[in-house]
Amino acid sequence: MFKKIISITILFIVASCSSNDQTAKNPITGKTPNPGIFSKDKEKGISLSDILSPTSEGNDNININGYLWRASLNILSIAPLISTDALGGTIITDWYTYKNIKNKRIKIMAYIKTSELRSDGISVKVHVQKLVNGFWTETVTDKKLASQIENNILNEARNYRINSSNK
């Protein structure tokens, strides 16, 4: 058993000691790529601190605005979250029923579209279903509620930005 483990370890060490350091050049640009751990180009990679730090708005590597991301998570925290994608800027909630309205439920999807704090930097869709005869009806969108949620997120993001610049 011990000999097998040693043999497999040596096999992996020998296989990883490749001397092929040649990298093919791009035939169009003539550039040689410099691959990183998580991206095809080491200089264009992204780190966790870039995502979580809203003060790095000037960084071109970030696809979404940190203030909008934090504000969206805060506002949409009323409903359980199904999916969050910090790199893509997508937040999807599960179906949520209001306490006072028992025959209606909503599902919210927020898309952060820019790395700048702008009014058109976020898009929200609200899907609504009604309970009829024990079954949930077909989904319709509520544009008025979506607009209200967008405004709440933008106001929260502005507050985050103002509070961070006052420190």
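Here, the structure is the one placed above.
Predicted model only: the values in this text are computed from it and were never measured.

This part takes up the pattern of salt bridges. Close approach of charged atoms allows side chains with opposite charge to pair. Enumeration over the complete set of coordinates arrives at 2 salt bridges. The shortest N-O distance in the salt bridge between Arg-118 and Glu-116 comes to 3.2 Å. A salt bridge links Arg-118 to Asp-120, with the shortest nitrogen-to-oxygen separation between them at 2.9 Å. For Asp-120, a relative accessible area of 41% translates into the label partly exposed. Each of Glu-116, Arg-118 and Asp-120 takes part in a single network of salt bridges with overlapping partners.

In this section: the nonpolar core. Ranked by internal contacts, the top residues of the largest apolar core, which has 23 residues, are Ile-106, Ile-108, Ile-122, Val-124, Val-126, Ile-149 and Ile-153. Among the elements of the structure, helix H3 (66–75), strand E4 (104–112), strand E5 (122–132) and helix H4 (143–165) are those that each provide at least two residues to this core. Residue contributions to this core peak at 6 residues, all from H4. With residues near it in sequence (within four places) discarded, Ile-122 still touches Ser-72, Ala-110, Tyr-111, Ile-112, Lys-113, Glu-150, Ile-153 and Leu-154.

Calculation rules
Residues numbered from 1 in each chain as written. Predicted model: local features only at pLDDT ≥ 70, side-chain atom pairs only at ≥ 80, totals over all residues. Heavy atoms only, no water. Salt bridge = Lys/Arg side-chain N within 4 Å of Asp/Glu carboxyl O. Buried < 20%, exposed > 50% of the residue type's maximum accessible area, 1.4 Å probe, protein only. Core = buried A, V, L, I, M, F, W, Y, C linked by side-chain atoms within 4.5 Å. Helix = DSSP H or I, 4+ residues; strand = E, 2+ residues; numbered from the N terminus. Contact = heavy atoms within 4.5 Å.

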